[in-house]
Amino acid sequence: TVAQQGHLTQAAEVLHLSQPAVTAQIKAIEEEVGMPLFERTAGGVVLTLAGQELLPQAPDILAAARQLLNHARALKGQLSGKVQLGITLTPDMLRVGPLVARISERYPLLEVCLHQGVTGDVLNAVRKKELDGGFYLGKNPYANVHTLLLDSLSLRIVAPNGWLARINAANPKELGRLPWVGISQFSSLSKIVSELWRELNISPKKISECDNLFTAIELVKAGVGLSLIREQEALQAAGQGLLEVVPGIVKSAELQFVFAADKAADPLLAVLMEELSNIWQLT
């Protein structure tokens, strides 16, 4: 990590350690191999020639160590520990209740810790290995994060009552004349909305901003502007006379479970993947 970052302080932040701890470990390794591996520069640290020669073996050593630990855990026959999961949207939508119930029943020594967050924050926390896995709505842009597709959600454009009478809703460009509820850039829904606008060739004015689908619904009902929300909630609210659904336009978004690529062999993650597949009836 120090070699990748080129700076002890930045490496310490990535590893969630103090800089003295990282420095001490580097010194211990250098003493063990009997030669310096890094040299300081004005901008940080760089590998010595010996360090450059040894670095390619480090990932294999770390991978072998992880495999050894994973094998040892499997041999014990009873998985234990904590699994840190990031959740977005709502727990019922993600089937979190049945998931935790199944894991608790089958693996009583395994504790599932849930962390609610915005989709973008969950993805970044998984990428940084602060979370073991999480739920994400949209396309995953990171090569070091793997995904398990759970479902494809249908999203609909909703408007305050009476607004569709003001425009020709059959003409998508008319939707660009109306204000929209803005979506926080930290939410993957923001990218989905931007993608929809490009497809419709519109660039509407954004009013307010939120990072939660149900907050967006409340803003629409209050007359703030249009928004893109899950079809189920859109049709339910429309059926109650609380808002209007724009006809003929449906946007799909992938609901995925994301996890760090190098955790793929972890037995705890294997349990999660198995139970997710059962809960979501994946083939």
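Model, not experiment: these values are computed from the prediction.

Novice: What should I look at first to understand helix α3 (residues 19–33) in this one?
Specialist: Structural remark: α-helix, 3.6 residues per turn; residues separated by three or four positions point the same way. For α3, built from 15 residues, the straight-helix expectation of 21 Å at 1.5 Å per residue is met to within 8% by its first-to-last C-alpha distance of 21 Å. Along α3, the residues that are buried comprise Val22, Ile26 and Glu30. All buried residues of α3 fall inside an arc of 75° around its axis, so they share one side. Facing away from the buried side of α3, by more than 90 degrees, are the exposed residues Pro20, Lys27, Glu31 and Glu32. Close packing links the buried residues of α3 with α1 (2–5), α2 (8–15) and β1 (38–41). Looking one or two places after α3, you find Gly34, whose phi comes out positive at around 80°.

Novice: I'm lost on the sheet that holds strand β6 (residues 145–159) in this one. Help?
Specialist: The pairing of strands in a sheet happens through backbone hydrogen bonds and is either parallel or antiparallel. Pairing is mixed across the open sheet formed by six strands, whose spatial order is β4-β3-β5-β10-β6-β9. Each of the sheet's edge strands pairs with one partner strand only, and the pair in question is β4 (110–116) and β9 (227–230). Direction aside, the axes of adjacent strands within the sheet are offset by 25° on average. The sheet contacts of helix α7 (residues 96–106) involve β3 (81–87), β4 and β5 (133–137), and relative to β4 the element is tilted by about 160°. Together, β3, β5, β6 and β10 (244–260) form the strand contacts of helix α8 (residues 119–127), whose direction differs from that of β5 by roughly 140°.

Novice: How should I be thinking about the packing of α7 against helix α12 (residues 267–279) in this particular structure?
Specialist: Remark: α7 packs on α12, axes separated minimally by 10 Å, with the N-to-C direction vectors making an angle of 130°. Viewed along their axes, α7 and α12 adopt a mutual orientation that is oblique. Between α7 and α12 lies a crossing of right-handed hand. Together, Pro98, Leu99, Arg102, Ile103 and Arg106 of α7 and Leu272, Glu274, Glu275, Leu276, Asn278 and Ile279 of α12 make up the contact between the two elements. Its residues assigned to classes, the contact of α7 with α12 comprises six nonpolar, one polar and four charged.

Novice: Help me understand the environment of Ile207, please; the structure alone is not making it clear to me.
Specialist: In this structure, Ile207 sits in strand β8 (residues 206–210). Assessed through its relative accessible area of 27%, Ile207 is described here as partly exposed.

Criteria and cut-off values
Residues numbered from 1 in each chain as written. Predicted model: local features only at pLDDT ≥ 70, side-chain atom pairs only at ≥ 80, totals over all residues. Heavy atoms only, no water. Helix = DSSP H or I, 4+ residues; strand = E, 2+ residues; numbered from the N terminus. Expected span 1.5 Å × (residues − 1). Buried < 20%, exposed > 50% of the residue type's maximum accessible area, 1.4 Å probe, protein only. Arc of directions from axis to C-beta. Contact = heavy atoms within 4.5 Å. Pairing = 2+ DSSP bridges. Axes fitted to C-alpha atoms, helices over the stretch in contact; angles between N-to-C directions. Parallel < 35°, antiparallel > 145°, perpendicular 65-115°, else oblique. Left-handed = near helix turned anticlockwise from the far one by under 90°. Nonpolar A, V, L, I, M, F, W, Y, C, P; charged D, E, K, R; others polar.

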